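# Examining the three-dimensional arrangement
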2 protein chains.
Amino acid sequence: MTMGRRNAVRRAFLPLLAVTCALAGSAAIAQHAADDRIAQDGTVTLDGVRIGIPGTLSPEAKAYLRHLIVDKPFGTPVDGIANERKRQDGIMGEFLRPMRERYKVDVTRQTIAGIVTDVVVPAEGIAPQNRDRVLINVHGGGFTTGAHSAALVESVPLAAIMKIKVISIDYRMAPEYQFPAASEDVEKVYREVLKTYDHAHIGLYGCSAGGLLTAQSTARFDAQGLPMPAAIGVFCAGLNGYFGGDSTALAGPLLGMLPPPPGAAPPSRPSASGPSYLETARADDPLAYPIVSPDLLAKFPPTLFITGTRGFEFSSALNSHNKLTAAGVESQFHGWDGMFHGFFYNSELPESREAYDVMVKFFDSHLGK
Amino acid sequence: MTMGRRNAVRRAFLPLLAVTCALAGSAAIAQHAADDRIAQDGTVTLDGVRIGIPGTLSPEAKAYLRHLIVDKPFGTPVDGIANERKRQDGIMGEFLRPMRERYKVDVTRQTIAGIVTDVVVPAEGIAPQNRDRVLINVHGGGFTTGAHSAALVESVPLAAIMKIKVISIDYRMAPEYQFPAASEDVEKVYREVLKTYDHAHIGLYGCSAGGLLTAQSTARFDAQGLPMPAAIGVFCAGLNGYFGGDSTALAGPLLGMLPPPPGAAPPSRPSASGPSYLETARADDPLAYPIVSPDLLAKFPPTLFITGTRGFEFSSALNSHNKLTAAGVESQFHGWDGMFHGFFYNSELPESREAYDVMVKFFDSHLGK
């Protein structure tokens, strides 16, 4: 993809990335809310091609996917980064409420190497076999939102299910900071964690911006001569970011975000809050987009991709899985048909809990004891 | 999916299954050959949603995918099973020609337990570490075609690359025979092979109908109290067959097979050659569709799925991978963005050779020595 095209796609998906977890709107959505291409049962019809909600999904996932497609519950981004962060934190809070009922954890805010973190431990205590193991999380939120909110949504289930300590990093974000500020923060925390934990006992993961940041940080560790973590989880992202391929073309439409009919006014875009985080990232820089360097990929630790066919990142994740495999790296890929960007933020979907189980099993089998 | 819906989908894809490898036509295709929804560069536009050929594909795959979408080179099924088999064998012959230049093998026809097989061995000889190992192939072709043609297309690359013996079974097919005739034939050969090879040294695989038959045979081995093979490859299929989900809705349209515009005459369907193979298979029978039995799935050996996002079976394979994983089975999934049903029949695509490497690595790491 050319940079021009990449930027156009990035702008088009900015609201999606900002909401991180699922869906966001643009003025186009309200405008075409009664679009006859979107049926009340969630079926989308494009030029006579009917794409229904997959029959293999759980009843809960079917209902939720229908709700996303038909009702578009997440609204639209607002002006001002403080306001937008508040709005996103509110959305994450709605996911956190049932999650914290289901998964009992204790959360403390700790400053590690000068960086603020949330340290999440299971209320029942860390399992004996995990006393010398730790997971590091880098949250999603389009490199603009999600500190202490998406961070917990991504950390609470794994801490509770695996009975392990999870350190979630409040890394620097845009518009105040640009690439590679977040990677620098992750490196600082990682160096400090290495004083207590063997690198082969550490896992690193994140979703969306956090998925890309996981890959970027891994590249940075290598460039800095640091030992690699035992395993990484690139969730809701690929090693080139999120875009390109069939899923980027189809994810929006299959979630009910259709182009305006011919002759309709183009949708208004939310105003940008400032420079994007990746504005300073060169397309050919492996520290920003590790996929560009086969030599680097060959040094990656075992990697797990988690995504869904209606995630715009699906093709990117699939392609990254192929590239890592071809480079001789152990790579695992798990996707759910019909599921969307960051679907597992919703812990009430059985598919999300299947995904947690895959993540836990992956880290448990790859982290040394 | 209900049986009625399942049958409707099956009928719609019958031509695709018959061609097995890629694409087939219906009268609708010629009729709308100049459809303005299909651009000369292979971009398909559905209601303003533009789906281009993925930029991550190799130049060879881009050109070939464009050719399939724009030119639809495989024609349409013909009346009479003998004629249709001859036509399909011709298509397979076109794939075989460059494949046999690239991969040198010796092929002998051998009758094993009364069943005709093609035994494919590398011209360079079997590698020392593979002298006590063997792969069994069951070919694709919609359970109606492909004996000695698709059979070789699926066997030649693996025999040559892995330097191992591959036995490809000429199992009974429709319209002359119905389920479970093919499973019975595979069982006979497997029982005979077990006299020479340890079950933990045997791999079983196939594409399309052969992917489903691999799963059906595995279920049958279990039901008959036979020891499981070391590993199986379910390619171009899932454990429920091929249909359901997003990919079944989208594969045809993304390959340029679009519904007729409003008001156009409905496409004519090729006349059926007789009863389909699966007509006698009950939807709730785990010997026909193993996915219906979690207890059976838990007993499956390590399984590899190979597919592409524009394969109608993609969602089925993805879902099967999730179900096996949830059942505690080691399952690996590899898909290629933009690639189609049986894409790796074309050995001249780098993506196909990536797929062969994945298959070889999988069997090499799972078969005992």
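Each remark here, short or long, concerns the structure printed above.
Everything in this summary refers to the structure shown in the same document. (Residues numbered from 1 in each chain as written. Chains lettered and ligands numbered in written order. Predicted model: local features only at pLDDT ≥ 70, side-chain atom pairs only at ≥ 80, totals over all residues. Heavy atoms only, no water.)

All names here are of chain B. In spatial order, the strands read β3-β4-β6-β5-β7-β8-β9-β10; together these eight strands make up an open sheet with mixed pairing. The open sheet terminates on both sides in strands that have one partner only, identified here as β3 (105–112) and β10 (331–340). Strand-to-strand twist of the sheet, defined as the mean angle between neighbouring strand axes without regard to direction, takes the value 20°. The pairing of strand β7 (residues 202–207) with strand β8 (residues 231–235) spans five bridges and is parallel. Looking across to β8, one finds that G203 is bridged to A231. Taken strand by strand, helix α7 (residues 209–223) contacts β5 (134–138), β7 and β8, and its axis lies near 140° from that of β7. (Pairing = 2+ DSSP bridges. Helix = DSSP H or I, 4+ residues; strand = E, 2+ residues; numbered from the N terminus. Axes fitted to C-alpha atoms, helices over the stretch in contact; angles between N-to-C directions. Contact = heavy atoms within 4.5 Å.)

Once that is clear, we can look at the sheet that holds strand β4 (residues 115–122) of chain A. All names here are of chain A. Taken together, eight strands build an open sheet; the order of strands is β3-β4-β6-β5-β7-β8-β9-β10 and the sheet is mixed. Each edge of the sheet is formed by a strand with only one pairing partner; in this case those strands are β3 (105–112) and β10 (331–340). Across the sheet, the axes of successive neighbouring strands diverge by a mean angle of 20°, strand direction being ignored.

This part covers the pairing of β8 of chain B. Strand residues, when the strand is regular, have side chains that alternate between the two faces of the sheet. Residue and element names in this part refer to chain B. A large share of β8 lies buried, amounting to five of its five residues. Crossover β7 to β8 through α7 is right-handed. As paired elements, β8 and strand β9 (residues 303–310) share four bridges and run parallel to each other. Opposite G233, over in β9, you have L304 as the bridge partner. (Buried < 20%, exposed > 50% of the residue type's maximum accessible area, 1.4 Å probe, protein only. Right-handed = clockwise from strand over helix to strand, strands pointing away.)

Let us now look at unusual backbone geometry. Residue P180 of chain A is reached from F179 of chain A by a cis peptide bond, and omega for that bond is 5°. Even without being a glycine, F143 of chain A presents a positive backbone phi close to 60°.

Another aspect to go through is the side chain of D285 of chain A. Residues and elements named next belong to chain A. Here D285 lies in the loop between α8 (245–254) and α9 (294–297). Buried within the structure, D285 lacks any salt-bridge partner; its nearest side chain of opposite charge belongs to R282, at an N-O separation of 5.0 Å. With residues up to four places along the chain from it excluded, the contact list for D285 reads F179 and V292. (Lys, Arg positive; Asp, Glu negative; His and termini not counted. Salt bridge = Lys/Arg side-chain N within 4 Å of Asp/Glu carboxyl O.)

Time to look at the pairing of strand β5 (residues 134–138) of chain A. Residue and element names in this part refer to chain A. By the criterion of burial, β5 is predominantly enclosed, with five of the five residues buried. The side-chain alternation of β5 yields two buried faces, one formed by V134, I136 and V138 and the other by L135 and N137. The pairing of β5 with strand β6 (residues 165–169) spans five bridges and is classified as parallel. Within the sheet, the bridge partner assigned to N137 lies in β6 and is S168. One crossover worth recording links β5 to the parallel β6 by way of helix α5 (residues 150–162), and it is right-handed. Across four bridges, the pairing between β5 and strand β7 (residues 202–207) is parallel. Opposite I136, over in β7, you have L204 as the bridge partner.

By a simple turn and slide, chain A fits onto chain B: the slide is 0.0 Å along the axis, the RMSD is 0.0 Å, and the turn is 180°. Here the symmetry operator amounts to a two-fold rotation axis. When you check the interface residues of chain A against chain B, 100% turn up at the interface there too, and the contact is symmetric in its surfaces. (Least-squares fit on C-alpha atoms with pLDDT ≥ 70 in both.)

Within the structure shown, the criterion is met by 36 salt bridges over all chains. The shortest N-O distance in the salt bridge between R109 of chain B and D118 of chain B comes to 3.6 Å. We note a salt bridge from D185 of chain B to R172 of chain B, for which the minimum N-O separation is 3.0 Å. Linking D185 of chain B in helix α6 (residues 181–193) with R172 of chain B in the loop between β6 (165–169) and α6, this pair joins segments that are 13 residues apart in sequence. For R172 of chain B, a relative accessible area of 26% corresponds to the partly exposed category. Beyond isolated ion pairs, a larger network of salt bridges with shared partners links R172, E184 and D185 of chain A.

Another aspect to go through is the packing of helix α4 (residues 81–102) of chain A against α5 of chain A. Residues and elements named next belong to chain A. Close contact between α4 and α5 brings their axes to 9 Å; oriented N to C, the two are set at 25°. For the element pair α4 / α5, the angle class is roughly parallel. α4 and α5 meet at a crossing whose hand is left-handed. From α4, M92, F95, L96, M99 and R100 reach across to α5, where they touch A150, L152, V153, V156 and P157. Taken together, the residues of the contact of α4 with α5 break down into nine nonpolar, no polar and one charged. (Parallel < 35°, antiparallel > 145°, perpendicular 65-115°, else oblique. Left-handed = near helix turned anticlockwise from the far one by under 90°. Nonpolar A, V, L, I, M, F, W, Y, C, P; charged D, E, K, R; others polar.)

Ranked by internal contacts, the top residues of the largest apolar core, which has 122 residues, are I306 and F344 of chain A together with I306 and F344 of chain B. Leave out the neighbours within four places in its chain, and I306 of chain A touches V234, F235, C236, H334, W336, F343, F344, A355, V358 and M359 of chain A. A147, F221 and L239 of chain A together with Y190 of chain B belong to the second largest nonpolar core, which has 106 residues in total. (Core = buried A, V, L, I, M, F, W, Y, C linked by side-chain atoms within 4.5 Å.)

Turning to the environment of F363 of chain A, a few remarks are in order. Residue and element names in this part refer to chain A. Mapping F363 onto the fold places it in helix α11 (residues 350–366). Considered as a pair, F363 and G233 are 130 residues apart in the sequence and their alpha carbons are 8.6 Å apart. Filtering out sequence-adjacent residues up to four positions away, F363 remains in contact with R133, L135, L158, M162, G203, L204, Y205, A231, I232 and G233.

Residues and elements named next belong to chain A. With the rule as written, the count across this model stands at 42 aromatic pairs over all chains. Seen in terms of ring centroids, F74 and F95 are 6.1 Å apart; in terms of plane orientation they differ by 45°. Their pairing is tilted. Placement of F74 in the loop between α3 (59–71) and α4 and of F95 in helix α4 is noted, with a sequence separation of 21 residues between them. Residues F74 and F95 agree in their burial class; the two are buried. Aromatic side chains F344 and Y345 sit 6.0 Å apart centroid to centroid with 70° between the ring planes, which places their arrangement in the edge-to-face category. The exposure class assigned to Y345 is buried, which follows from its relative accessible area of 0%. (Phe/Tyr/Trp six-rings, centres within 6.5 Å; stacked < 30°, edge-to-face > 60°.)

This paragraph deals with the side chain of E313 of chain A. Residues and elements named next belong to chain A. Of note, E313 is situated in the loop between β9 (303–310) and α10 (314–326). Buried charged residue E313 carries no salt bridge. Nearest counter-charge: R310, at 12 Å. One polar contact links E313 to T307, side chain to side chain, over a distance of 2.8 Å. Excluding residues within four positions of it along the chain, E313 makes contact with C236, A237, Y242, S247, T307, G308 and H341. (Polar contact = N/O pair within 3.5 Å; in protein donor to acceptor, adjacent residues only side chain to side chain.)

Keep in mind these numbers describe shape, not what the thing actually does.
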